[in-house]
Structures are given as structure tokens and as C-alpha cells.
Amino acid sequence: MNAMHAMPVTPLLLGPLLASVRLGRGRTLLVCCCAAALGLAMGAGDGDLVSARFGTEYGGLLLGCAVAPYLARHRTSLEAALAQAREVARSTQQLILRPISRDLAGIHVCTRYHCAAAESAVGGDVYDAAATPYGLRVLVGDVRGHGLEALRLSAATVAAFRELAYTTPDLPALVTDLDKRLAPQLEAEDFVTAVLAEFAPGEVRLVNCGHPAPVRAGRSVELLEPLAPVPPLGLNPDPRQYRVRLQPGDRLLLYTDGLTEARSPDGTPFPLLPEAARALREPLPDDALDHLYARLVAHTGARPADDLALVLCQPSQASAPVTAVTHSHRSGCS
């Protein structure tokens with residue numbers, strides 16, 4: 001066949017390149033050998049082995065076949081390192097966010113954590129509960145950002161809470177100490193929104209630092225909003241405690257903004273109070289949180305775009321609440 005009509009061998013390079021991004025080093029090398037042999041056979045069949053054009057094209061093919069196994073090995077090494085890093089991060093976060101579904105200091109505490117990324121459990125939402133000499137104390141927070149840096153700040157937040165919650169006499173002092181402990185670890189634009197709750201007979205004491213207001217569910221369902229806003233941790237908050245009565249059968253839901261900022265495909269916000277009223281009718285706290293998350297997914301039509309932490313607290317001796325009215329409530333500060 002005339003060299004003018006000889007089949008080019010350059011397209012054969014596509015096989016080794018595709019193999020390098022999908023297969024391991026061994027299989028990529030096999031594809032390269034097949035491509036090189038096929039290119040040589042094509043040149044021989046066309047009677048074109050000694051032409052300058054074939055030499056240039058075949059040289060490029062051989063160069064690609066030499067590089068492709070190296071690329072495949074490098075890619076698989078990076079994938080293995082990334083998988084190991086994700087597993088370490090996942091294990092670390094499981095230590096930070098311990099699943100809870102039990103009685104603590106007379107309060108039944110149930111938790112859920114849902115990460116927005118399906119392939120990872122790394123996020124910036126935090127929660128913890130501590131049965132202290134001052135009563136049960138609960139922290140729910142949201143670290144600005146995502147990924148490993150958010151995980152580091154999440155770990156620092158929970159570690160500081162676990163250390164300080166047992167020795168600090170009241171919630172405002174606890175918030176001040178948390179802020180002092182976290183401030184050296186935060187960059188200029190970093191902060192942590194947080195709400196802290198302390199349970200006492202017949203009431204709960206709250207300090208809210210730029211976080212979504214808790215929901216009290218009982219004979220009615222209402223937002224427990226502070227009278228005055230308080231900046232997040234890391235932004236020099238001036239903590240103000242407010243106290244809310246708890247009637248028999250009341251439940252307290254603390255959550256992160258993955259619940260309040262969720263949107264349907266047409267942009268409609270998640271109707272928090274009506275949906276909380278429905279979900280918290282479930283007698284068992286675990287079922288109530290599962291029902292609430294299922295309603296959230298039904299509203300968004302897919303996995304929510306933000307991480308979500310849910311903590312449901314109920315006095316152990318109380319019966320399940322019967323919810324009816326929904327409205328917003330502002331409590332006085334103390």
C-alpha cells in the first residue's frame with residue numbers, strides 16, 4: 001500500500017492513556033504492549049515501516065506506552081493515600097461525634113449526624129453531651145468550612161467542651177472559657193456557631209452564640225430564640241443566658257443549619273416547625289429523628305447539600321409529647 005494511504009498509528013495511543021486513568025499498572029502495561037504490537041503490525045501491513053512518517057508516529061506511540069504505566073501507578077498510589085486519609089478522618093470524626101441514645105443525668109439524649117458528601121463522613125458540625133455536677137450540659141455547634149481543617153476545629157471544640165463542662169460553674173462562663181480556648185486556633189475568618197443547654201428540674205438554661213434557635217416540642221412547638229443576638233465563638237461573644245420552662249412531656253430539639261437552610265428544588269425553605277410537629281409525635285426519640293430526616297430528604301428531593309447534626313433531649317420520666325400549635329417564642333435572659 002502507498003505511504004500516502006497508510007493507516008496512522010497515533011490513534012492507538014488512546015488505549016494506553018484511557019487505561020492509565022482507569023486500570024492498574026499491570027493491566028495498563030498489557031494494553032500498552034498490545035497497542036505497540038498492533039501499531040507495528042499496521043506499519044508492516046502497509047509496507048510503511050521505513051518511512052519517516054511512520055517512524056515519528058510509532059515513536060510517539062512507544063513514548064506514550066512507556067509513560068502510561070507510570071501514570072497508572074502514580075494514580076493508584078494517590079487513590080490509596082486518599083482512601084486512607086478519608087478512613088482516618090472518618091474514624092476520627094466517629095470519636096468526636098459519639099452516637100448517643102441513652103439516659104444521661106435524668107435526660108434521654110438521642111443524636112444523629114448526616115454528612116452532605118456521600119463519599120465522606122467529614123464535616124464541620126459538632127455535638128456532645130456531658131453529665132456534670134451542674135446537670136446535663138449539651139453542645140451543638142457548626143464550624144465554618146468543610147474538610148480536614150473543619151475536622152481539626154471540630155475536634156478542638158469538642159475537646160474544649162469535654163474539659164471545661166465539668167468544672168465551669170455556669171453556661172456564660174463556659175462560653176467565655178470556650179472562646180478563649182478556641183481563639184488561638186482560629187484563623188481570621190474562622191468561627192464556630194454554638195448553642196449550649198443546661199438542664200435543671202423543670203427548666204433548661206440556654207446560651208446561643210449565633211446558632212439556629214432550639215425547638216421546644218410539647219403542647220405546642222416553638223422556637224426558643226434569645227432576646228439579643230450573641231456572636232459565634234471566635235468573635236468575642238458576650239454570652240447571655242436565658243431560661244425556659246419545661247413542662248412534663250416536653251422535648252428539646254437542637255440542630256445545625258443543615259435543617260433550616262435546606263431548600264426544595266424550586267427554592268422553598270424546609271418548613272421547620274410544621275415538620276418538627278409531625279416528626280416529634282413519634283413516641284421513641286430515635287424514630288422521631290429518623291422521621292424528621294426522612295421528611296427533610298423528601299422536601300429537598302435528594303441528599304441535603306449541607307451537613308446536619310440533630311440532638312433530641314427529653315426528661316426520662318416524661319411521656320411522649322402531643323404536638324399541636326406551632327409558633328415562635330422568645331424567652332427572657334437571666
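One can find the structure itself at the top, above this paragraph.
Residues numbered from 1 in each chain as written. Predicted model: local features only at pLDDT ≥ 70, side-chain atom pairs only at ≥ 80, totals over all residues. Heavy atoms only, no water.

**Quick look at the overall build of the protein chain**
Moving on, step 1. Regarding its fold elements, the protein chain presents 8 helices and 12 strands.
Moving on, step 2. By residue count, 49% of the 334 residues in the protein chain fall in the buried class.
Moving on, step 3. Residue pairs at least 24 apart in sequence account for 73% of intrachain contacts in the protein chain once pairs closer than 6 positions are excluded.
Moving on, step 4. When the accessible surface of the protein chain is split by element, carbon and sulfur atoms take 60% of a total near 15700 Å². (Helix = DSSP H or I, 4+ residues; strand = E, 2+ residues; numbered from the N terminus. Buried < 20%, exposed > 50% of the residue type's maximum accessible area, 1.4 Å probe, protein only. Contact = heavy atoms within 4.5 Å. Areas by Shrake-Rupley, 256 points an atom, 1.4 Å probe, with all protein chains shown as cover.)

**Remarks on helix α8 (residues 285–300)**
The α-helix advances 3.6 residues per turn, and as a result positions three or four apart in sequence lie on the same side.
Moving on, step 1. Between its first and last C-alpha atoms α8 spans 23 Å; for 16 residues at 1.5 Å apiece the expected length is 22 Å, and the two agree.
Moving on, step 2. Turning to α8, its buried residues number three or more, namely P285, A288, L289, L292, Y293, L296, H299 and T300. Seen from one end, α8 has its buried residues packed into an arc of 130°, which puts them on one side.
Moving on, step 3. The secondary structure elements touched by the buried residues of α8 are β2 (107–114), β10 (251–255), α6 (257–260), α7 (272–279) and β11 (308–315).
Moving on, step 4. Of the residues flanking the end of α8, it is G301, one or two places downstream, whose phi is positive at about 80°. (Expected span 1.5 Å × (residues − 1). Arc of directions from axis to C-beta.)

**Quick look at a nonpolar patch on the surface**
Moving on, step 1. A grouping of L17, L63, V67, Y70 and L71 is seen on the molecular surface, where their side chains present a nonpolar patch of about 450 Å² in accessible area.
Moving on, step 2. Considering the arrangement of structural elements, one finds L17 in helix α1 (residues 14–22). (Patch = residues over 30% accessible without salt bridge, like charges linked within 9 Å, V, L, I, M, F, W, Y side chains within 5 Å. Salt bridge = Lys/Arg side-chain N within 4 Å of Asp/Glu carboxyl O.)

**What to know about the pattern of salt bridges**
Moving on, step 1. All told, the structure shown has 13 salt bridges when counted by the stated rule.
Moving on, step 2. With its nearest N and O atoms 3.7 Å apart, the salt bridge here joins R144 to E189. Of this pair, R144 sits in the loop between β4 (135–143) and α4 (147–164) while E189 is found in the loop between α5 (171–182) and β5 (192–200), placing the two residues 45 residues apart along the sequence.
Moving on, step 3. The salt bridge partner of R295 is E275, with a shortest N-O separation of 2.9 Å. Taken together, the positions of R295 in helix α8 and E275 in helix α7 put the pair 20 residues apart, joining distant regions of the chain.

**Considering the side chain of D142**
Moving on, step 1. When you line up the elements, D142 lands in strand β4.
Moving on, step 2. Of the side chains with opposite charge, R144 comes closest to the buried, unpaired D142, at an N-O distance of 9.7 Å.
Moving on, step 3. With residues up to four places along the chain from it excluded, the contact list for D142 reads G124, D125, V126, F191, V192, T193, H211, T256 and D257. (Lys, Arg positive; Asp, Glu negative; His and termini not counted.)

**As for α7**
Moving on, step 1. Most of α7 is tucked away, with 6 of its 8 residues classed as buried.
Moving on, step 2. Within the span of α7, buried status applies to L272, L273, E275, A276, A277 and A279.

Without other data, these values stay purely geometric and don't point to any function.
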